[in-house]
Amino acid sequence: MKPEWPEDAHRGLWVYLEQQGTLLPVGHELLGKGRELADELGESLTAIILGHGIGDLGREAIRYGADEVLVVDHPLLEGYTTDGHAKVMAQLIEERKPNILLFGATYDGRDLAGRLAVRLSTGLTANATRLEVDREKGLLLSAVPGFGGSILAIIKSEHGRPQMSTVRPGIFAPLEPDDTRKGQIETVAVDLRPEEIRCRVVERSVLPREEIGSAERTLVAGMGTGGDLALLEELASLLEASIGVTRPLVDNGVAGRERQVGSTGVSLRSKLAIVLGASGASHFVSGLRDVGTVVAINTDENAPIFDEADVCVIGDLFELLPPLIERLEKAKMGMA
Amino acid sequence: MTPRIVVSLKVVPKPEEVSLNPETRTLDRAGAENVLNPPDKNALEVALGLKDTHGGTVTLVSMGPPLFKDYLELCLGMGADQAILLSDRLFAGADTYPTSLTLARAIQKLGGYDLVICGEESADASTGQVPPGLAEWLGVPQITFVDEVRVQGDTVIARRALGSSYEVLEAEMPAVVSVVVGSNEPRFPDFDRVEAAAKSGWVKVWTAAELGLRDDEVGLKGSYTIVHDLVEGEPVERKRHFLQGSLEEKIRALAEALEPFLRP
């Protein structure tokens, strides 16, 4: 049975910010979009930061748009764990009753949000790519790409608070950081004991998590590359570009899921994307919507990807790339 | 310990074969071919691999319409021991909240389990919310997005594949893990076993009533999220400028187009 929530008792828009010493880029994006939605609702924007030795990150959240920051600093919150973060978040939410709570649709954001939705008996929408609010009803409307990305399902949660969504990285633009913005930072004490955290970390790699969604230039490899990315890597280093891939390459183990472009992966927001050897399935091209200039290279002149490109090159990428790389290298040297 | 493993899985339409009916604004899945959700096959392979090493049992639990039965029989053919299909008209329209509740009730009804293994997400809705939701209903720890799972005594040790980084976690069982797509090579079914499963009715069907769930706890009624509207994505107009000429001319034109993006 759903508990009857006095829905109007819930106020404020919260964003859960992940950090690894610095805020993850998706956190800046959540603050930017959250600011806009909070203003529309006439509610405040609160950033939540959990960790240990958080330092100045509260200030950073304010510069990027938060009115208020709740900081929970505890040795057991150093490094993400489901149990630690879920306990603290559930406690904060039950005490302070936010109306809306947004997470980045990252590994940890999805891990946490999925657990909290059941604990709090509330609705959760996954991988939102558009967010709007109904001011009258205080409702969050989250658009999620459906099958193939050509369809958007607008999801709402009329009962259950807070209204929660995970938000796909790389969709929303952060605000320009403003050093003069004022806000409040509140440090919240929590009671957390080691035995409450049931997963022990045996090993943790400290590699920074590259987010291709926020890259300025991207090369995207499709099946036409045969999974051989050597030439792409050369071109990528020349253009200082990140490398993304289509879903089949992820399924074949050529690249990790974090590099998958499309409706079930990352949306690009780069100024330039060069798509090599991808036919242009609709669930893939939806990840190119916000790209400035799309260049497509494909041997098949009828490939649908050419409908989604600004510059279309019919040709074999293995023939095109070596002389192209050579030319660009020369051009780059000429600039120095 | 010989682990009692439960694999939660589902059948999905191939995403590229589903379209929006613009008149009814509903999804048209009729023409779409169904497949076992790809990460769920990897989850099953993890379970069968653990069974190869440690013994124990592998039980399949799936919520869906009767057509799922054939797919569960294939999984039995791969080596699973038993299969429960949670099938009831009342389950229709469920979001991840009642879905994870329904699966949790079924797992609790099995009479003891050590490890629940799920695929990371479904290929149709891609929420990835069922594994953590399930873990919360069951009150056990979760390790999501893993590509390696080991069992040592009563502990599960799993590696989370976090894009370019990773972390290895361990937890006392019972626990829930979710497995990323492509993390292993699922084995082929033994078709004699598939046939035996079909002939002898190995797949059991449980309804909401058998799980002790009321109609307002499951399906659409038990869901918090509802579809407010379905819309088509706005098309983005591109220039579609085709580079002409010989290979060399195309390369020259392409290099010129890319030069503004070069930085010294």
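Bear in mind that the values here come from a model prediction, so they are computed numbers and not experimental data. (Residues numbered from 1 in each chain as written. Chains lettered and ligands numbered in written order. Predicted model: local features only at pLDDT ≥ 70, side-chain atom pairs only at ≥ 80, totals over all residues. Heavy atoms only, no water.)

Participant: Even after reading the chapter, I still don't get the interface of chain B and chain A, so can you show me in this structure?
Facilitator: Put simply, an interface is often sized by how much accessible area is lost when its parts join up. Across the contact, 82 residues belong to chain B and 88 residues belong to chain A. With both sides pooled, the region where chain B packs onto chain A buries about 7,900 Å², and carbon together with sulfur makes up 57% of that total. Linking chain B with chain A are 11 salt bridges. For the salt bridge of Arg110(A) with Glu121(B), the shortest nitrogen-to-oxygen distance reads 2.7 Å. Linking chain B with chain A are 40 residue pairs in polar contact (both at pLDDT 80 or more), by the criterion used here. Sorting elements by how many residues they give to the side of chain B that touches chain A places strand S11 (residues 165–172) of chain B first, with 8 residues. The residue makeup of the side of chain B that touches chain A, split by class, is 37 nonpolar, 21 polar and 24 charged. The pairing of strand S8 (residues 151–156) of chain A with strand S14 (residues 226–232) of chain B spans 6 bridges and is antiparallel. (Contact = heavy atoms within 4.5 Å. Buried area = accessible area lost by both parts, 1.4 Å probe. Salt bridge = Lys/Arg side-chain N within 4 Å of Asp/Glu carboxyl O. Polar contact = N/O pair within 3.5 Å; in protein donor to acceptor, adjacent residues only side chain to side chain. Helix = DSSP H or I, 4+ residues; strand = E, 2+ residues; numbered from the N terminus. Nonpolar A, V, L, I, M, F, W, Y, C, P; charged D, E, K, R; others polar. Pairing = 2+ DSSP bridges.)

Participant: Sorry if this is basic, but what is going on with the domain arrangement of chain A here?
Facilitator: All names here are of chain A. Domain boundaries assigned for chain A yield domain 1 (7–196) and domain 2 (212–335). Summarising the inter-unit geometry, the C-alpha centres of domain 1 and domain 2 are found 32 Å apart. Viewed at the interface, domain 2 and domain 1 are joined by 1 salt bridge. Residues arginine 269 and glutamate 29 are paired through a salt bridge, measuring 3.6 Å at the closest nitrogen-oxygen approach. On inspection of domain 1 and its partner domain 2, the count reaches 3 residue pairs in polar contact (both at pLDDT 80 or more). Grouping the amino acids of the side of domain 1 that touches domain 2 by side-chain chemistry returns 8 nonpolar, 3 polar and 2 charged. (Domains from an automatic or database assignment.)

Participant: How do you make sense of the pattern of salt bridges when you look at a structure like this?
Facilitator: Between side chains of opposite charge, a pair can form as their charged atoms come close. Throughout the structure, instances matching the rule amount to 41 salt bridges over all chains. In this structure, Glu216(A) engages Arg217(A) in a salt bridge whose closest nitrogen and oxygen atoms are separated by 3.8 Å. A relative accessible area of 37% places Glu216(A) in the partly exposed class. The exposure class of Arg217(A) is buried, given its relative accessible area of 6%. Put simply, Arg240(B) and Asp307(A) hold a salt bridge, and the shortest N to O gap is 3.8 Å. Taken together, the positions of Arg240(B) in the loop between S14 and strand S15 (241–242) and Asp307(A) in the loop between strand S15 (293–298) and strand S16 (311–314) put the pair across two chains. Given the relative accessible area of 42%, Asp307(A) is considered partly exposed. Overlapping salt bridges, with partners in common, bring together Asp108(A), Asp111(A), Arg204(A), Arg160(B) and Glu167(B) in one network. (Buried < 20%, exposed > 50% of the residue type's maximum accessible area, 1.4 Å probe, protein only.)

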